[in-house]
Every structure is written in C-alpha cells, then in structure tokens.
Amino acid sequence: DSSKPTNFIHQIIEEDLKNGVNDGKVVTRFPPEPNGYLHIGHAKSICLNFGTALKYGGQCNLRFDDTNPEKESQEYIDSIVSDVRWLGFEWSGDIRYTSDYFDTLHEWALHLINEGKAYVDSLSAHEMREYRGTLTEPGKNSPYRDRSVEENLDLFEKMRAGAFDEGDCVLRAKIDMAAANINLRDPVIYRIRKAHHHQSGDKWCIYPSYDFAHGQSDALEGVTHSICTLEFEDHRPLYDWFVENLPVPAKPRQYEFARLNLNYTVTSKRKLKLLVDEQKVNGWNDPRMPTISGLRRRGYTPASIRNFCDMIGVTRSNGIVDMGMLEAAVREDLDANAPRAMCVLDPIKLTITNMPEGELAWFELPAHPKDEAMGIRKVPFTRNLLIEREDFAEVPPKKWKRLAPGEAVRLRGAYVIRCEEVVLDETGEVVELKASFDPQTHGANPTDYKPNGVIHWVSADNAVPCEVRAYERLFTEPNPDGDKERDFHEFINPESLVVYPRAHAEIGLKHAAVESRYQFERQGYFCVDPDTTENRMVFNRTVGLRDSWAK
Ligand code: ATP
Ligand code: MG
Ligand code: MG
C-alpha cells in the first residue's frame, strides 16, 4: 500500500504535509562527495532520497559535495552520474555542485565576520586540537579569538588572495569553546588549500568545510528534508546554527538514519580505494566490489538493488545486514527473469558411441520453465559432448545422483545415456567417457530401469568456448572492519576469484550481449562480462542457486 508511510522519514514528511510545513513541498537531495565510486551503502541513501521525492511528488537533487578538491575528480563524478541513472533515478534540473555556491558561501563567511561571529585563527593544527578539549573537558579560547572585525576581514581577504600557506590559518565560527557538543567549539569553516578544483579551476585557494557548506547549499536549493546518516546527528546543532545565523533563503532541516553495513565486505570509500590502489581487486568495478558498478558488472539488476534497499528498511538503529539478503534479492529477480542455458564449467569429453559422427539432432528446451512467453531455445545433440567433470565419479559414493561406470543419467532435455567405458591417460586421469544413448527416452522415462539423475551438457562441436569467473566473498570474515587490533587487509579472501578457462556454453549464447544474464542450469546465475571479445566470451557468476536440482 503506497499510501502508507513506510519508514520514520516518511512519517515525518506526512506530518509536515498535514501541517502545511514548507508549503507542502518535499525537496530532498543526494549529496555524494566525488572522491570514489558509489557503493551499496550509497544505494540505500539514493533509494531513500529519490524514492521519497517520487512517493510525495517532490523533487530530488543530485549535488556533488565538492569541497575537498585534492581528493576529487571528474572520473568519480562521471561514475556517480552513471550509477544513479543505472539504478533508475533521475534528478531534478541540472546536476548541482557545492562549488556553484562558493561565491555565496564566501559572502556568508564575510557576513559572520562582520557580525563578530567568525574569526581568523592562527593556531597550528596541533595547537587547535589541544585547545579543543575533550568529551569530558571544555575547550579553551584561542588567543586569536578576539581579533577585531577589521583585522579578521583583512586576514580573511589575504587568505583568499593566496598570501598565506596551507595551514597558516583558518576561519572559525565563534560559537562556544565550552559547548558540550564538540562540533560547536568554534568549528573551522574555511581552510586554505592551494589545489586546482575540478569545477572552479584555480579561482579559489580557500575552501569551505563540509559543515559550513552543507546546510547552506540545502537552503540555497530549497531542500526541505536533508537526510543523512547517523554520524551527522552531532553536527545537527551546527547545521541549525548556520541556518539561524546567516541570511539563508530557506530553513532546511536535517534528519538522520542508520547507515547500511553489510557483512563480508567493507563499505567505506577510503578502504575500497585502498583495495583498488593496491590492486587487491581489478578496479572499482571489479565484480567482487560492493560498489554499484561492481555489482552491475557482477550481474546485479537495478531492480534487485532497489528491492534490497526496500527490504532492509530505514531506521535509526545501526546494525549489520547479512550479505545473504543482497544475494537473495538478485536471485529472486533472476529466477523470475533470466533465461535458462547450459554451460559446462570444467568439461570432460563424453562420446556417444551410437550417434554417428556428423549427425545432429536439435532439441527444444524452454527458455524459462515458468514463463512460456520467453520462448524456446534449441540445443544440438551430437556424438561429441561435454559434461561437468564433477558429474562423473569412477567410484561413486552411496546415493550418487550423477554418472558413474555402467550407470545411467538423463542429459537435461535430451536422452538418458549409460556410461560404458572410461578412458584414462598415462597418469590415470579420466580424459574421456564413452556412452550410448537410449532412443526411447526423449521426453519419456525408461520403463525397465531408473536413471540416477539429470545432468547438464553441451555439444562439443556446437558450443561457445568461454571463460567463466566464479566469485566468492571478498573477505573471509563477517566483519573485516570490526577488529581494532587487526587490519581489514588480513581478512581478504585469497580465493575470491576462481577462473574456469575451458568452459563451454550452449550455442545459443554465441552472440549474447554484454550484461545479459542467464541461469546456467544447476550452476547459478551468470552474466556476460565486458571483457568479452569477438573471439572469447567471458561470463561472471553473479550468485549460486539456492537449491541446485538433481545434484
Ligand atoms: P564513505 O564513508 O564511504 O566515504 P561518505 O558518507 O563519506 O561515505 P558521501 O559521498 O559523503 O560518502 O555520501 C553521500 C551520501 O550517502 C551521504 O548522505 C551519506 O550519508 C550516504 N551514505 C554513505 N554511506 C552510506 C551507507 N553505508 N549507508 C547509507 N547511506 C550512506
Ligand atoms: Mg561525506
Ligand atoms: Mg567519506
């Protein structure tokens, strides 16, 4: 029922709408800092901000919070834009940048100075930390706190003009060095950074702090509900202080929700960047990464990520969500929507001795067992087949459901076959199986014996040779970040990528487009990787099957 509030943010909004707050408008924003690629945690924020605007007929802005030029880049901007769109959301109007407001923010800094509410501090960073105090002890006033308005204006102008070096001085709001909330102990609002900015170029060498920029940017854009994660709860009094003490055009309000933490991975851009820079993974979009682009390459659908975000909900209590939930979300989507195919990952030759060389029988299989509308697929049955090495056992254990010497299994969608000979090489390894097919068994069960089970197969002469990349979780520990004594690097799973270089997929997949997704029967869900070339297809395993049939 979409008319009911689904989380506490929506309850607040409905209360506001009822009371005519903000003239009945709902304006949200998604404010990424372009210092890395978006991850699954950001997806939660995207779904909440864009989803809320959609639900209440409001608007959601995309705003790059770009106040740290050294760490930011156009590459990150481009990736974020593409990820938000891929998730299925569109922002209102143009893309916005906090840097669009640098002129206004500078004027507002001058406004605070003129009001005696900001001062240039010349303490070193180290001294500033000492003066700041602790949770239990109040801070001390800086000796520069009582500089005159004129002196502050002059020094701030010199900061702006580049007369000082980085770290020589900062502009601070003059609030209360004894405040219980440390964020109110004269926070830094401008600092010197002699860095080229990806948007504003070399116009500025002073940049506003996050706290000085965020609420004011919200106000300038008419954001009504500024939704952020709980670690900003302690910043809210400061957010409100700026809104109260500046001539802002609107009074946005900040609301906090619990960030998404997912086990078996890390959701911090800084740590993900380390994995990339140290080449622990192959780039930000490595299919093992919890980035949106990594999940995309892994085969996740936008709908599965949106559904996952719905499933986990929005609350104010921090917790850790099981990776299994994310996997279940994509499995559910692909189970319903991915066509079926057969692919042998680690093949062994199977020769059908009573099938003449060069002969070919086409079998028709449904593309999806529960969705007739998806049509049929044709697979050729020939003398030379491939089956999965692990579907054969020379000495089968009890209750073996697959192939063994002298035993019969059904080849999915084709005939029942019986293994008659096992060919070994000099080392004793099985290199080929010889079998005969039972012509009575296409679409019918044999009457006088019972095959062991059903296995998948492809025609060796009519298959698509491919590389299959099977991924495991990137970390071996549920909470790789949780151990204060040990670094998350120690928990990287050395076997997070298993490559099957000799896999063969059924012939119909020959021209499958990059990103198309399939269920490989009995194996799981797979998608075509962009590394695919005309001569070589590459598939990624998105996720395994919950229940593998007939194994
Ligand atoms: P990181 O800690 O990974 O660097 P961040 O919070 O610094 O993330 P931003 O680019 O500032 O990254 O985030 C943009 C928005 O996404 C913010 O509103 C932030 O609160 C939200 N966000 C970031 N991480 C999560 C998360 N794990 N769960 C929910 N929302 C998140
Ligand atoms: Mg941030
Ligand atoms: Mg960050």
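What counts and what doesn't
- Residues numbered from 1 in each chain as written.
- Chains lettered and ligands numbered in written order.
- Predicted model: local features only at pLDDT ≥ 70, side-chain atom pairs only at ≥ 80, totals over all residues.
- Heavy atoms only, no water.
- Phe/Tyr/Trp six-rings, centres within 6.5 Å; stacked < 30°, edge-to-face > 60°.
- Buried < 20%, exposed > 50% of the residue type's maximum accessible area, 1.4 Å probe, protein only.
- Domains from an automatic or database assignment.
- Contact = heavy atoms within 4.5 Å.
- Buried area = accessible area lost by both parts, 1.4 Å probe.
- Salt bridge = Lys/Arg side-chain N within 4 Å of Asp/Glu carboxyl O.
- Helix = DSSP H or I, 4+ residues; strand = E, 2+ residues; numbered from the N terminus.
- Nonpolar A, V, L, I, M, F, W, Y, C, P; charged D, E, K, R; others polar.
- Core = buried A, V, L, I, M, F, W, Y, C linked by side-chain atoms within 4.5 Å.

Before going further, it helps to examine the packing of aromatic side chains. Counting across every chain of the model gives 21 aromatic pairs. Relative to Phe242, the ring of Trp241 lies with its centre 5.5 Å away and its plane at 80°, an arrangement referred to as edge-to-face. Considered together, Trp241 and Phe242 belong to a single accessibility category, that of buried residues. The structure contains a cluster of three or more aromatic residues connected by ring pairs, namely Phe156, Tyr190, Phe212, Trp241 and Phe242.

Attention now goes to the domain arrangement of the chain. Domain boundaries in the chain define domain 1 (8-261), domain 2 (269-337 + 465-543) and domain 3 (347-450). Just the C-alpha atoms count here: the centres of domain 2 and domain 3 sit 31 Å apart. Between domain 2 and domain 3, the residue contacts involve 10 residues of the former and 15 residues of the latter. Contact between domain 2 and domain 3 buries roughly 950 Å² in total, counting both sides, with carbon and sulfur atoms accounting for 36%. Among the residues domain 2 hides against domain 3, the three largest losses belong to Arg502, Glu506 and Glu521. Together they make up 43% of the total. Run the count over domain 2 and domain 3 and you get 5 salt bridges. Among the secondary structure elements, those contributing two or more residues to the side of domain 2 that touches domain 3 are helix 12 (323-337) and strand 24 (497-506). Counted by class, the side of domain 2 that touches domain 3 contains 2 nonpolar, 3 polar and 5 charged residues.

All right, on to the nonpolar core then. One finds Ile40, Val84 and Phe308 to be the most contacted residues of the largest nonpolar core, which totals 39 residues. For this core, the elements supplying multiple residues, two or more each, are helix 2 (40-55), strand 2 (59-64), helix 3 (74-86), helix 10 (292-298), helix 11 (302-312) and helix 12. Counting residues per element, this core draws most heavily on helix 2, which supplies 6 residues. Apart from the residues lying within four places of it in its own chain, the contact partners of Ile40 are Leu260, Leu262, Thr267, Pro290, Leu295, Ile305, Phe308 and Leu326. Of all hydrophobic cores here, the second largest spans 34 residues; its members include Leu105, Phe164, Phe212 and Val248.

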